[in-house]
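Below are the chains, spelled out letter by letter.
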Amino acid sequence: MDLGLKGQTALVLASSKGLGKATAMKLAEEGANVMISSRNETDLQKTALEIREKTGANVAYKTCNIMDNEQIVELVHETGNKFKTIDILVNNAGGPPAGNFDDFSDKDWVNAFELTLLSVIRTIRAVLPFMRKQQSGRIVNIASSSFKQPLENLTLSNTFRTGIMGLAKSLSQELAKDNILINTVGPGRIATDRLKELDSKIAKMKEVALEDIVAQSEAAIPLGRYGTPEEFANVLVFLCSGANTYVTGQAILVDGGLVKAM
Ligand SMILES: NC(=O)c1ccc[n+]([C@@H]2O[C@H](COP(=O)([O-])OP(=O)(O)OC[C@H]3O[C@@H](n4cnc5c(N)ncnc54)[C@H](OP(=O)(O)O)[C@@H]3O)[C@@H](O)[C@H]2O)c1
């Protein structure tokens, strides 16, 4: 299948590592121009070089803290100036802190809102003029399986990921007339630094070996293992490609069968 990504321009947020990086890599492999972004410039530089070397694609990078609107606007303008269009926006951010309801103050709630939901609102607002002008676009949000089923000890994530889903569903109605399709992808357990960090915290808390926590966690997944960032990126890249012409407003899990809800 031709994904129709050659010469398209993709802006991928929070992409120096993990799911964002795997998505940027896959888009570049398919011939897209890619702008990557995150907070740490050294990591970004390294990732941009790696993607360029592996794919030969046109890769640019710019630091951006997704919690700062000014930095988002600058990033979007620089992407537009450099590549002339923005065809694809992949929203992503670091995960909000773990914890239960009693652990969080107002400040924690506001921070999590800014990181997880307001960042998505702001990037979409900044990118829409480009997509509306060219009367086409694809937006994909990286969220979490918690939009379908709450995760233990992740109250902030559980709350704001469903907000992303509501936003995307509303926008799918408003943006269809401009041929802009928007979808959300929820990772179950995909082997990235973030997952390792979360597993290590649980292992420390329960005073057991990390391997035992991973084994327990994998046993709960029908496919019997964590997913790879590449497996996740394959699904995401289809949704933001030209091959996707009729899927919009959907929230799709990439979870090896973990979530049982229909
Ligand atoms: N992996 C999973 O199984 C899984 C499951 C459910 C949900 N998720 C969610 O999916 C998203 C990506 O997860 P991941 O596993 O790929 O995480 P990761 O490996 O920790 O990578 C996170 C990326 O986000 C960047 N980042 C973090 N905070 C940022 C900020 N404020 N502004 C801009 N960039 C920022 C990081 O770079 P800098 O630190 O340099 O900025 C890094 O490039 C997270 O929201 C996570 O909660 C992941």
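Keep in mind it's a predicted model, so treat the numbers as computed, not measured.

Caption draft 1: Looking closely at the overall build of the protein chain. Scanning the protein chain from N- to C-terminus turns up eight helices and seven strands. Its C-alpha atoms give the protein chain a radius of gyration of 18 Å, near enough to 18 Å, the size a compact globule of 262 residues would have. Along the three orthogonal principal directions, the C-alpha set of the protein chain runs to about 55 × 40 × 35 Å. The contacts in the protein chain between residues at least 6 apart in sequence include a share of 75% that link residues at least 24 apart. Approximately 12,800 Å² of the protein chain is accessible, and the part contributed by carbon and sulfur atoms is 51%.

Caption draft 2: The arrangement of the sheet that holds strand 3 (residues 59–63) in detail. As summarised here, the arrangement of the seven strands in space is 3-2-1-4-5-6-7, forming an open sheet in which the pairing is parallel. Whereas interior strands pair on both sides, the edge strands pair on one side only; in this sheet they are strand 3 and strand 7 (251–254). Each adjacent strand pair in this sheet contributes to an overall mean axis angle of 20 degrees, direction not counted. When strand 6 (residues 180–187) meets strand 7, the two strands line up parallel, connected through four bridges. The partner of V185 across the bridge, within strand 7, is I252. Packing of helix 5 (residues 155–175) onto the sheet brings it into contact with strand 5 (137–142), strand 6 and strand 7, and relative to strand 6 it is tilted by some 160 degrees.

Caption draft 3: The arrangement of the pattern of salt bridges in detail. Following the criterion strictly, the structure yields six salt bridges and no others. Put simply, E29 and K26 hold a salt bridge, and the shortest N to O gap is 3.8 Å. One end of the pair is E29 and the other is K26, both in helix 1 (residues 18–29) and three residues apart, which spans about a single turn. Two residues, R225 and E231, come together in a salt bridge whose shortest N-O distance is 2.8 Å. A residue is classified by how much of its surface remains accessible, and R225, at 38% relative accessible area, is partly exposed. Shared partners join several salt bridges into a network, and the residues in it are K21, E50 and K54.

Caption draft 4: Quick look at unusual backbone geometry. The backbone phi angle of N153 is positive, close to 65 degrees, even though this residue is not glycine. Among the structural elements, N153 can be located in the loop between strand 5 and helix 5. Given the relative accessible area of 32%, N153 is considered partly exposed. The backbone of E207 sits at a positive phi, close to 55 degrees, despite the residue not being glycine. Relative to the assigned elements, E207 resides in the loop between helix 6 (193–206) and helix 7 (210–219). Residue classification places E207 among the exposed positions, given a relative accessible area of 73%.

Caption draft 5: Structural view of the site of the ligand. The immediate surroundings of the ligand are formed by 28 residues, with S16, A93, R161, I190 and T192 found nearest. S16 is positioned with one of its side-chain polar atoms (N or O) 2.7 Å from an oxygen atom of the ligand. Between the ligand and the protein, one listed contact pairs a nitrogen atom with a backbone N or O atom of I66 at 2.9 Å. For the ligand, whose free accessible area comes to 880 Å², the fraction covered by protein is 91%. Looking at the shell around the ligand residue by residue, the classes come out as 10 nonpolar, 12 polar and six charged.

Caption draft 6: A look at the packing of aromatic side chains. Per the counting criterion, the structure on display carries four aromatic pairs. Measuring from centroid to centroid gives 6.2 Å for F101 and W109, while their planes differ by 55 degrees, and the two rings are tilted. Here the aromatic cluster, defined as three or more aromatic residues joined through ring pairs, consists of F101, F104, W109, F113 and F160. Across the ring face of F83, the terminal group of K82 is positioned such that the distance to the ring centre comes to 5.5 Å.

Caption draft 7: View of the packing of helix 1 against helix 2 (residues 41–55). Relative orientation of the contacting elements helix 1 and helix 2 amounts to 30 degrees, with a least axis distance of 9 Å. On the basis of their axis angle, the class for helix 1 and helix 2 is roughly parallel. Both helix 1 and helix 2 take part in a crossing whose hand is right-handed. Along the contact surface, helix 1 presents K21, A24, M25, A28 and E29, while helix 2 presents T47, E50, I51, K54 and T55.

Caption draft 8: Expanded view of the nonpolar core. Formed by 34 residues in total, the largest nonpolar core has its most connected members in L11, V76, L89, I124, V127 and I139. Looking at this core, the elements with two or more residues in it are helix 3 (69–83), helix 4 (106–134), helix 5 and strand 6. Here this core gets 10 residues from one element, more than from any other, and that element is helix 4. The residues contacting L11, other than those within four sequence positions of it, are M35, L75, V76, T79, I86, I88, L89, V90 and V127. Membership of the second largest hydrophobic core comes to 29 residues, among which are A24, I88, V185 and F232.

About the criteria used
Residues numbered from 1 in each chain as written. Predicted model: local features only at pLDDT ≥ 70, side-chain atom pairs only at ≥ 80, totals over all residues. Heavy atoms only, no water. Helix = DSSP H or I, 4+ residues; strand = E, 2+ residues; numbered from the N terminus. Rg over C-alpha atoms; globule rule 2.2 N^0.38 Å. Contact = heavy atoms within 4.5 Å. Areas by Shrake-Rupley, 256 points an atom, 1.4 Å probe, with all protein chains shown as cover. Pairing = 2+ DSSP bridges. Axes fitted to C-alpha atoms, helices over the stretch in contact; angles between N-to-C directions. Salt bridge = Lys/Arg side-chain N within 4 Å of Asp/Glu carboxyl O. Buried < 20%, exposed > 50% of the residue type's maximum accessible area, 1.4 Å probe, protein only. Near = heavy atom within 4 Å. Polar contact = N/O pair within 3.5 Å; in protein donor to acceptor, adjacent residues only side chain to side chain. Nonpolar A, V, L, I, M, F, W, Y, C, P; charged D, E, K, R; others polar. Phe/Tyr/Trp six-rings, centres within 6.5 Å; stacked < 30°, edge-to-face > 60°. Lys NZ or Arg CZ within 6 Å of the ring centre and 35° of its normal. Parallel < 35°, antiparallel > 145°, perpendicular 65-115°, else oblique. Left-handed = near helix turned anticlockwise from the far one by under 90°. Core = buried A, V, L, I, M, F, W, Y, C linked by side-chain atoms within 4.5 Å.

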